[in-house]
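# Fold and contact review
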Amino acid sequence: MAYILAPSILAADFTRLGEEMKVTEENGAEYLHFDVMDGMFVPSISFGMPVLASIQGATGQFMDVHLMIEEPIRYIEEFKKAGADLLTVHLEACKDVKATLDAIHEAGMKVGLSICPETPAEEVEPYLEKVDMILVMSVHPGFGGQKFIPDTLEKIQAIRKMAKDQKRKIDIQVDGGIYLTNVKEVLDAGANIIVAGSAVFKGNAAENTREFMEILKSYE
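Small disclaimer: the values here were computed from a predicted structure and weren't measured.

### Observations concerning unusual backbone geometry
- Of note in the backbone geometry, glutamate 71 takes a positive phi value of approximately 45° without being a glycine.
- Following the sequence through the fold, glutamate 71 ends up in the loop between strand E3 (62-68) and helix H3 (76-82).
- Its identity as a non-glycine residue notwithstanding, lysine 167 has a phi of 55°, on the positive side.
- You can see lysine 167 is positioned in the loop between helix H5 (152-165) and strand E7 (171-175).

Structural data, given as structure tokens:
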């Protein structure tokens, strides 16, 4: 199993975005996490297809796009064209979850399914055969810089067990409140892709990325 760092550009300095992305890539981060918020599913509004399209070619990183929007099935083709490699949608935001996941797969992207802190782990079980990754939100989606919710650890463990029981080699990504001080707890619970925003981009992004990567490599 690969252990991967996905820096969230939501916490980056957008006046230096290209430079900051490159710094994380040069220091080992294989993914770049791209949070899309619509002001409806979550209170905040972030950015969308034009920003994603504008950074194509600026990095060789895998574009990990997290849609925190209502009825994301409406925009699957547009995000594919903009450069998404993996598209993650929220179970809570889809009227027809299976149709949405199938549409992502048919568009040629990897498929992710996310759940909010209030959603029980068991609700992802019917969809494990359709996804490449489950994203467990460890904070309430919509704002950066929140504190990690400890109950998330049990949810990660439960989903990893479900995947093993179904003999599904899926990735488990965790997003929210993860820092160098608590990332080992998240990895020990069964996660293998770590989203970090403030913990990477606030301060020395190169050094922060390297420190995360040292921990992740120790689990391989």
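Right, picking up where we left off after that structure.
### Brief notes about the packing of aromatic side chains
- One pass over the full model with this rule turns up 4 aromatic pairs.
- Among the aromatic side chains, those forming a connected cluster through ring pairs are Phe14, Phe34 and Phe47.

### Some thoughts on the side chain of arginine 160
- You can see arginine 160 is positioned in helix H5.
- Buried charge without a partner: arginine 160 forms no salt bridge, and the closest opposite charge is aspartate 171, 5.9 Å away.
- Of the polar contacts made by the side chain of arginine 160, one reaches the side chain of asparagine 192; its length is 3.3 Å.
- Each residue touching arginine 160, except ones within four places of it in the same chain, is listed here: Met1, Ile170, Asp171, Ile172, Gly190 and Asn192.

### Overview of the sheet that holds strand E6 (residues 133-137)
- Here 8 strands make up an open sheet; going across it, the order is E1-E8-E7-E6-E5-E4-E3-E2 and the pairing parallel. Single-partner strands in this sheet number two, and they are strand E1 (4-7) and strand E2 (31-37). Here the strands of the sheet are splayed against their neighbours by 25° on average, with no regard to which way each runs.
- Note that E6 and E7 share 5 bridges and pair parallel. The residue of E7 that forms the bridge with leucine 135 is glutamine 173.
- Against the sheet, helix H4 (residues 97-106) touches strand E4 (86-90) and strand E5 (110-115), its axis set at about 150° to E5.
- Across the sheet, helix H8 (residues 205-217) is in contact with E1 and strand E8 (193-196); its angle to E1 comes to roughly 155°.

### Quick word on the UniProt feature "binding site: a divalent metal cation" (unreviewed entry) in the protein chain
- Residues annotated in UniProt with the feature "binding site: a divalent metal cation" (unreviewed entry) correspond here to His33, Asp35, His66 and Asp175. In terms of the greatest pairwise C-alpha distance, the residues named above, spread along 143 residues, form a tight cluster of at most 10.6 Å across.
- Here aspartate 35 shows up in strand E2.
- Leave out the neighbours within four places in its chain, and aspartate 35 touches Ser8, Leu10, Ser46, Phe47, His66, Met68 and Asp175.
- Residue placement: histidine 66 occurs in strand E3.
- Excluding residues that lie within four positions of it along the chain, histidine 66 makes contacts with His33, Phe34, Asp35, Val36, Thr88, His90, Ser114, Leu135, Met137 and Asp175.

Quick notes on the rules
Residues numbered from 1 in each chain as written. Predicted model: local features only at pLDDT ≥ 70, side-chain atom pairs only at ≥ 80, totals over all residues. Heavy atoms only, no water. Helix = DSSP H or I, 4+ residues; strand = E, 2+ residues; numbered from the N terminus. Phe/Tyr/Trp six-rings, centres within 6.5 Å; stacked < 30°, edge-to-face > 60°. Buried < 20%, exposed > 50% of the residue type's maximum accessible area, 1.4 Å probe, protein only. Lys, Arg positive; Asp, Glu negative; His and termini not counted. Salt bridge = Lys/Arg side-chain N within 4 Å of Asp/Glu carboxyl O. Polar contact = N/O pair within 3.5 Å; in protein donor to acceptor, adjacent residues only side chain to side chain. Contact = heavy atoms within 4.5 Å. Pairing = 2+ DSSP bridges. Axes fitted to C-alpha atoms, helices over the stretch in contact; angles between N-to-C directions. UniProt positions renumbered as here; feature names shortened; annotations may be inferred.

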